[in-house]
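Residues per chain are reported as follows:
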Amino acid sequence: IELNQVDEHTIYKTVRQAIIHRQAVIDDDALDLLLERTRGSLNEASNQVEKLCLYSKHITLHDVERLVAPPLEENVFALTNAIMAHDLVRVSSIYRDLMITNHEPIALIGLIASSIRQLYQVKLLDRKGYTDKEIVKIIGINPRALFPVRKNARSFQLDELERKLYELSELDINIKTGKIDKQRGLELFLMQI
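Residues numbered from 1 in each chain as written. Predicted model: local features only at pLDDT ≥ 70, side-chain atom pairs only at ≥ 80, totals over all residues. Heavy atoms only, no water.

Draft legend 1. A look at the overall build of the protein chain. The number of helices and strands found in the protein chain is eleven helices and two strands. Across its three principal directions, the C-alpha atoms of the protein chain cover 55 × 40 × 40 Å. For the protein chain, contacts bridging at least 24 residues in sequence account for 65% of all contacts bridging at least 6. Distance from the positive charge centre (26 side chains) to the negative charge centre (28 side chains) of the protein chain: 2 Å. (Helix = DSSP H or I, 4+ residues; strand = E, 2+ residues; numbered from the N terminus. Contact = heavy atoms within 4.5 Å. Lys, Arg positive; Asp, Glu negative; His and termini not counted. Charge placed at Lys NZ, Arg CZ, Asp CG, Glu CD.)

Draft legend 2. A look at the pattern of salt bridges. Scanning the entire structure with this criterion turns up seven salt bridges. Across the pair Arg150 and Asp132 runs a salt bridge, and its minimum N-O distance is 2.0 Å. Of this pair, Arg150 sits in helix 9 (residues 143-153) while Asp132 is found in helix 8 (residues 132-139), placing the two residues 18 residues apart along the sequence. By relative accessible area, which is 41% here, Asp132 ends up partly exposed. Linked by salt bridges that have partners in common, Asp126, Asp132 and Arg150 make up one network. (Salt bridge = Lys/Arg side-chain N within 4 Å of Asp/Glu carboxyl O. Buried < 20%, exposed > 50% of the residue type's maximum accessible area, 1.4 Å probe, protein only.)

Draft legend 3. Structural context of helix 11 (residues 182-191). Looking only at helix 11, the buried set comprises Gly185, Leu186, Phe189 and Leu190. Projected onto a plane normal to the axis of helix 11, the buried residues spread over an arc of 135° and lie on a single side. As for helix 11, its buried residues are in contact with helix 5 (72-84), helix 6 (88-100), helix 7 (105-127) and helix 10 (158-176). Its side-chain oxygen at 3.2 Å from the backbone nitrogen of Gln183, Asp181 defines the N-terminal cap of helix 11. (Arc of directions from axis to C-beta. Polar contact = N/O pair within 3.5 Å; in protein donor to acceptor, adjacent residues only side chain to side chain.)

Draft legend 4. Local environment of unusual backbone geometry. The phi dihedral of Gln23 falls on the positive side, at around 55°, and the residue is not glycine. Residue class for Gln23 comes out exposed when judged on its relative accessible area of 64%.

Draft legend 5. Expanded view of a negative patch on the surface. A surface patch of like charges, here negative, comprises Asp29, Asp32, Glu36 and Glu65. Relative to the helices and strands, Glu65 is located in helix 4 (residues 61-67). (Patch = residues over 30% accessible without salt bridge, like charges linked within 9 Å, V, L, I, M, F, W, Y side chains within 5 Å. Areas by Shrake-Rupley, 256 points an atom, 1.4 Å probe, with all protein chains shown as cover.)

Draft legend 6. Spotlight on the nonpolar core. If you look at the biggest cluster of nonpolar residues, it comprises 36 residues, and the most contacted ones within it are Leu79, Ile83, Ile112 and Leu190. Of all the elements in the fold, those that place two or more residues in this core are helix 5, helix 6, helix 7, helix 8, helix 9, helix 10 and helix 11. Among the elements that make up this core, the one with the highest residue count is helix 7 (nine residues). Counting residues in hydrophobic clusters, the runner-up holds 17 residues, among them Ile19, Leu33, Ala45 and Val49. (Core = buried A, V, L, I, M, F, W, Y, C linked by side-chain atoms within 4.5 Å.)

Draft legend 7. Highlighting the packing of helix 5 against helix 6. Viewed as axis vectors pointing N to C, helix 5 and helix 6 meet at an angle of 155°, and their least axial separation amounts to 9 Å. In terms of orientation, helix 5 and helix 6 fall into the roughly antiparallel class. Helix-helix and strand crossings are classified by hand; for helix 5 and helix 6 the assignment is left-handed. Along its contact with helix 5, which presents Leu72, Asn75, Ala78, Leu79, Ala82 and Ile83, the element helix 6 presents Arg90, Val91, Ile94, Tyr95 and Leu98. Tallied by class, the residues present in the contact of helix 5 with helix 6 amount to nine nonpolar, one polar and one charged. (Axes fitted to C-alpha atoms, helices over the stretch in contact; angles between N-to-C directions. Parallel < 35°, antiparallel > 145°, perpendicular 65-115°, else oblique. Left-handed = near helix turned anticlockwise from the far one by under 90°. Nonpolar A, V, L, I, M, F, W, Y, C, P; charged D, E, K, R; others polar.)

Next up, the structure:
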């Protein structure tokens, strides 16, 4: 049996029909956010539709924002921005949310480093005059994700991004050699912003 990948249009129609089937309606912007947060997974979207339809018969953007958790990458992206902006209150809030959902500190360190590295690469390639198409191809980033990354990269200096990457690599080494506890190490890194 051959199973093909379901395209975005089919998922969009299927999710909307599932909501209508439950005698509910959803605003277009709310549906877009729902599909974004479920990463195009029909199974995950189905679970979230069930929850949203129980909550309200008219699903708004606010409902989806409140009830459908953003994917880990979105939280890490927000955490990275808060770190680079030296916003300790926002860092603490996002970190607390990530710990409640039992995310592994080592994985978070890797994701934060990856996010900062992506900012660094985009800023560097942008400075060298590469086009969006070239940057997407070189880095392997989703074309839709390039705009917010480029926008955020403009706020930082290359040396600042390098320094954070170096601090994260040192933290990773210290955790893996047993010099510091992984959760405590991540917390100390986050508090030093």
